[in-house]
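# Residue-level structure breakdown
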Number of protein chains: 2
Amino acid sequence: MTQLSRRRMLLGGAAAGVGAAALTACTAGLREDPEAATEAADRARLAIGSDTVPFHGAHQAGVTAEPPAHMTLVALHLREGADREAIRRLLTVLTDDAARLTQGRGALADTEPELAQTPARLTVTLGFGAELVRRVAGRDAVPTWLRPLPAFSIDALEDRWSGGDLLLQIAADDAVTVAHATRMLLKTARSTASLAWRQTGFRRSRGSEKPGTTMRNLFGNVDGTVNLRPQDDDFASKVWVTDGWLTGGTSLVIRRIQMDLEGWDRLDGPGRDQAIGRRQSDGAPLTGESEFDEPDFEAMGPHGFTVIPDFSHIARARGDDERPTMLRQSYNYDDDLTQNGAGTESDGEISDSGLLFLAYQADVDEGFVPVQRRLAELDLLNQWTTPIGSAVFAIPPGCEEGGFVGETLF
Amino acid sequence: MTQLSRRRMLLGGAAAGVGAAALTACTAGLREDPEAATEAADRARLAIGSDTVPFHGAHQAGVTAEPPAHMTLVALHLREGADREAIRRLLTVLTDDAARLTQGRGALADTEPELAQTPARLTVTLGFGAELVRRVAGRDAVPTWLRPLPAFSIDALEDRWSGGDLLLQIAADDAVTVAHATRMLLKTARSTASLAWRQTGFRRSRGSEKPGTTMRNLFGNVDGTVNLRPQDDDFASKVWVTDGWLTGGTSLVIRRIQMDLEGWDRLDGPGRDQAIGRRQSDGAPLTGESEFDEPDFEAMGPHGFTVIPDFSHIARARGDDERPTMLRQSYNYDDDLTQNGAGTESDGEISDSGLLFLAYQADVDEGFVPVQRRLAELDLLNQWTTPIGSAVFAIPPGCEEGGFVGETLF
């Protein structure tokens with residue numbers, strides 16, 4: 001794959017259309033006409049709203065798409081009477097809604113189709129909990145890893161952010177688009193399933209940063225430097241399931257990690273960098289010059305300790321084989337304490353803020369669990385982070401036109 | 001003012017920089033090189049993050065800036081001991097923070113300055129409640145309209161969304177920028193004031209729609225067609241206060257209007273259009289062809305009724321002199337019911353969604369109240385909308401470098 005076509009892929013097919021707009025503008029004679037230049041720039045920007053990510057394909061598109069600015073996660077509980085046939089009907093209609101909405105068309109029974117006309121790279125990704133798989137195909141179809149994660153000592157999990165039988169992951173570069181799609185899909189689902197929880201996250205807006213820039217979390221740290229990338233040789237084997245009904249699918253671990261921003265503020269710069277093992281300023285490992293330099297975990301400092309502390313986050317996160325085991329696509333969250341009661345101002349906290357940690361891997365027990373075990377056991381960062389929500393879903397493969405997401409389970 | 005310079009003003013000074021980027025790209029020979037075209041478009045888009053709105057000036061910049069995609073409103077209560085001098089110190093530091101953050105620099109004691117480097121048209125607007133004005137300058141300095149609004153029959157106000165002594169309105173095209181600025185400003189304020197409420201709203205992302213497009217609310221309706229615009233002859237007289245310490249300032253009415261999306265869905269298209277007086281599809285008045293056509297409230301239909309129902313929203317909103325009396329800059333909100341407890345799924349509601357209605361006017365009693373009285377008395381739309389929060393603030397004028405917002409009160 002060439003450099004250019006890879007970039008196009010990561011941009012979700014946007015580049016071609018934008019290039020055309022810029023070309024037209026150029027023909028109009030930009031150099032002589034600043035107003036034409038402005039209009040060309042406006043057109044380039046407007047492509048942010050009209051960009052689409054193809055819905056159909058071997059994999060669900062939301063897994064590998066460059067993460068858009070806004071994401072809503074909705075988990076549903078199946079209603080008591082929802083049997084195999086009801087679930088099939090639900091998945092068929094959800095697939096149809098998703099295929100339309102992601103391409104900028106209203107859902108079948110859309111009461112506000114005007115709000116659907118700005119797809120803004122919308123993706124809709126469905127995930128299944130164990131209960132859904134069991135009701136459709138019996139206990140044997142449930143992957144061994146599709147269960148609540150083992151309890152970690154650092155956890156303070158709350159039911160209201162945990163579990164669920166069916167996941168809708170709705171992401172786009174426009175918050176109105178996400179709100180509308182969420183509402184349409186929930187309307188479709190309501191007769192068969194009820195709301196378990198909803199979580200909303202954000203990253204930098206499209207056009208705020210160069211595509212591919214590692215996101216920073218609300219601690220100010222780059223988050224996701226060591227990550228699987230679609231072009232990596234081991235990407236497919238580590239992300240996609242290769243047998244059974246989930247072939248071409250994956251798993252998704254969702255952790256709501258509350259971050260103690262007030263406590264973090266009391267640390268000085270060097271203290272923060274030691275806890276992470278990277279410099280906050282540029283994301284470089286403490287032994288390196290720039291973000292993507294390989295950390296040297298053996299390098300010793302003047303006082304006989306390693307430069308990167310053994311208990312720092314990056315030292316503990318790294319496993320034996322040095323390659324990442326998950327595709328992380330996390331989002332920031334920043335919710336209002338006056339609303340959700342997760343704390344009070346007198347506790348010294350003024351918001352419920354943190355990270356919606358999302359990780360895809362072919363097998364949760366091989367991808368996520370070993371890393372989390374090492375981190376839970378000992379990671380300086382644990383002092384300022386608390387997992388308060390946890391969920392695991394099987395992410396079925398994609399489907400072709402005329403099919404539906406989850407059809408391989410039937 | 002020419003068409004071009006007006007547009008530049010509305011774009012918040014962005015156009016010039018973007019034009020330059022496009023020009024450079026053009027010089028590089030776009031026609032022959034699609035990759036160069038892509039890069040030019042990327043650069044045009046990246047200006048979304050680096051765009052700034054000047055902080056200093058006669059008015060606070062957030063009042064007339066083209067509303068960015070994301071807005072957080074924070075209301076604070078002054079602590080008991082916060083006297084005139086403490087308030088002066090607070091306003092001085094908040095002004096300094098705001099001046100820095102809006103220009104893409106970290107706040108003075110910023111622990112995550114990396115998050116400040118993407119201003120994305122950030123504006124920070126301060127507003128004062130009656131209690132703050134009284135503590136600084138005595139009872140006589142409080143404008144007569146700076147009090148809770150008169151009770152309207154349609155209100156179902158909740159304390160947790162109402163009132164406050166000091167308002168921070170923080171808006172930008174990037175949600176990370178808004179989250180970071182909010183956090184820094186709250187940290188500055190904490191010793192003098194405590195959190196009363198926080199509300200977060202959104203509009204279309206920058207680049208999703210043509211600048212100046214009237215927003216659509218979550219009912220799918222265009223919202224804000226008849227609005228004061230900075231270029232209007234009567235803008236200054238209707239928006240800016242012209243005497244006393246508030247000269248060059250204005251007032252802000254904030255209403256949290258919950259919208260019954262489920263109920264609205266049960267209306268058919270014509271029923272919706274009749275309730276509003278405009279077509280949902282294109283926003284045109286029922287007597288017109290396009291959004292900005294003047295509605296004809298006298299035109300009669302075949303059955304002897306006016307084409308635009310007398311009780312429709314636009315008929316009731318319109319006053320005697322036909323000109324708008326407020327500058328409206330509203331945002332959508334869509335909060336999670338599982339968090340804020342505003343309802344339960346079994347009530348038939350799946351979210352707390354609606355409009356953060358914001359209106360600026362020189363005098364609340366002349367600008368907002370008469371309109372709201374007519375609407376509260378009779379407006380078909382009331383059946384699907386409920387004001388659940390309400391607050392009024394005095395918005396002081398802007399300041400020059402070296403000054404602070406609110407200095408005219410001292």
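Here's what I pulled together on the structure shown here. (Residues numbered from 1 in each chain as written. Chains lettered and ligands numbered in written order. Predicted model: local features only at pLDDT ≥ 70, side-chain atom pairs only at ≥ 80, totals over all residues. Heavy atoms only, no water.)

### Some thoughts on empty space enclosed by the protein
According to the stated counting rule, one finds 13 cavities of 30 Å³ or more in the structure shown. By volume, the largest cavity amounts to about 660 Å³. Those elements giving two or more residues to the lining of the largest cavity turn out to be β1 (70-78), α6 (175-189), β4 (193-202) and β7 (331-336) of chain A together with β1 (70-78), α6 (175-189), β4 (193-202) and β7 (331-336) of chain B. (1 Å grid on protein atoms, 1.4 Å probe; cavity = no way out; pocket = protein on both sides within 12 Å on 5 of 7 lines; lining within 4 Å. Points joined across faces, edges and corners; volume = space filled by probe spheres on them. Helix = DSSP H or I, 4+ residues; strand = E, 2+ residues; numbered from the N terminus.)

### What about helix α5 (residues 130-137) of chain A?
Residue and element names in this part refer to chain A. Among the residues of α5, those classed as buried are Leu-132, Val-133 and Val-136. Across the axial projection of α5, the buried residues extend over an arc of 95°, all falling on one side. Close packing links the buried residues of α5 with β1, α4 (84-102), β2 (123-128) and β3 (166-172). Looking one or two residues beyond α5, the residue adopting positive phi is Gly-138, at roughly 85°. (Buried < 20%, exposed > 50% of the residue type's maximum accessible area, 1.4 Å probe, protein only. Arc of directions from axis to C-beta. Contact = heavy atoms within 4.5 Å.)

### Overview of unusual backbone geometry
Backbone geometry at Arg121(A) places phi at a positive 60°, although glycine is not the residue there. With respect to the element layout, Arg121(A) can be found in the loop between α4 and β2. At Ala120(B), a residue that is not glycine, the phi angle is positive and equals roughly 50°. By relative accessible area, which is 0% here, Ala120(B) ends up buried.

### Digging into the environment of Gln383(B)
Residue and element names in this part refer to chain B. Following the sequence through the fold, Gln-383 ends up in the loop between α13 (369-377) and β9 (385-395). On the basis of relative accessible area, Gln-383 is assigned to the exposed category, the value being 59%. Along the primary structure Gln-383 and Gly-263 are separated by 120 residues, whereas in three dimensions their C-alpha atoms are 8.8 Å apart.

### Some details on the side chain of Arg216(B)
Examined against the element boundaries, Arg216(B) turns out to sit in the loop between β4 and α7 (235-239). Of the side chains bearing the opposite charge, Glu114(A) lies closest to the buried Arg216(B), which forms no salt bridge; the N-O distance is 4.5 Å. Reaching out from Arg216(B), the side chain makes a polar contact with the backbone oxygen of Gln280(B) at a distance of 2.7 Å. A distance of 2.9 Å separates a polar side-chain atom of Arg216(B) from the backbone oxygen of Ser281(B). Contacts of Arg216(B), omitting those with residues within four sequence positions, involve Glu114(A), Leu115(A), Asn221(B), Val222(B), Gln280(B), Ser281(B), Asp282(B) and Asn332(B). (Lys, Arg positive; Asp, Glu negative; His and termini not counted. Salt bridge = Lys/Arg side-chain N within 4 Å of Asp/Glu carboxyl O. Polar contact = N/O pair within 3.5 Å; in protein donor to acceptor, adjacent residues only side chain to side chain.)

### So, the packing of α4(A) against α6(A)
Residues and elements named next belong to chain A. For the pair α4 and α6, the least separation of the axes is 10 Å and the interaxial angle reads 160°. Accordingly, the angle class assigned to the pair α4 and α6 is roughly antiparallel. Of the two elements, α4 crosses α6, and the hand of that crossing is right-handed. For the pair α4 and α6, contact is made by Leu-90, Val-93, Leu-94, Asp-97, Ala-98 and Leu-101 and by His-180, Ala-181, Met-184, Leu-185, Thr-188 and Ala-189, respectively. Here the contact of α4 with α6 is built from residues that sort into nine nonpolar, two polar and one charged. (Axes fitted to C-alpha atoms, helices over the stretch in contact; angles between N-to-C directions. Parallel < 35°, antiparallel > 145°, perpendicular 65-115°, else oblique. Left-handed = near helix turned anticlockwise from the far one by under 90°. Nonpolar A, V, L, I, M, F, W, Y, C, P; charged D, E, K, R; others polar.)

### Topic: the environment of Thr247(B)
All names here are of chain B. Its place among the elements puts Thr-247 in the loop between α7 and β5 (250-259). The exposure class assigned to Thr-247 is partly exposed, which follows from its relative accessible area of 39%. Spatially, the C-alpha atoms of Thr-247 and Pro-397 are 6.6 Å apart, while their sequence positions differ by 150 residues. When residues no more than four places from it in sequence are discounted, the contact partners of Thr-247 are Val-241, Thr-242 and Pro-397. Within the local environment of Thr-247, its side chain forms a polar contact with the backbone nitrogen of Asp-243, the two atoms lying 3.3 Å apart.

### Some details on a nonpolar patch on the surface
Where nonpolar side chains cluster on the molecular surface, the patch consists of Phe311(A), Leu378(A) and Leu380(A) and spans about 240 Å² of accessible area. Secondary-structure assignment places Leu380(A) in the loop between α13 (369-377) and β9 (385-395). (Patch = residues over 30% accessible without salt bridge, like charges linked within 9 Å, V, L, I, M, F, W, Y side chains within 5 Å. Areas by Shrake-Rupley, 256 points an atom, 1.4 Å probe, with all protein chains shown as cover.)

### Section: the side chain of Thr72(B)
All names here are of chain B. Looking at the element boundaries, Thr-72 is found in strand β1. A polar contact is formed between the side chain of Thr-72 and the side chain of Thr-200, at a distance of 3.4 Å. Excluding its chain neighbours within four sequence positions, the residues that come into contact with Thr-72 are Leu-168, Gln-169, Ile-170, Val-178, Thr-182, Arg-198, Gln-199 and Thr-200.

### Observations concerning the environment of Phe368(B)
All names here are of chain B. Inspection of the secondary structure puts Phe-368 in the loop between α12 (364-367) and α13. A C-alpha to C-alpha distance of 9.5 Å links Phe-368 and Leu-149, two positions 219 residues apart in sequence. Not counting the four nearest positions on each side in its chain, Phe-368 is found in contact with Leu-149, Phe-152, Val-253, Arg-255, Met-326, Phe-357, Gln-361 and Asp-363.

### Concerning α4(A)
Residue and element names in this part refer to chain A. Under the 1.5 Å per step criterion, the end-to-end length of α4 is 26 Å for 19 residues, consistent within 8% with the ideal 27 Å. Buried within α4 we find Ala-86, Ile-87, Leu-90, Leu-91, Leu-94, Thr-95, Asp-97, Ala-98, Ala-99, Arg-100, Leu-101 and Thr-102. Those residues of α4 hidden inside the fold are in contact with β1, β2, α5, β3 and α6. Note on α4: the residue one or two positions beyond its end, Gly-104, has a positive phi of about 85°. (Expected span 1.5 Å × (residues − 1).)

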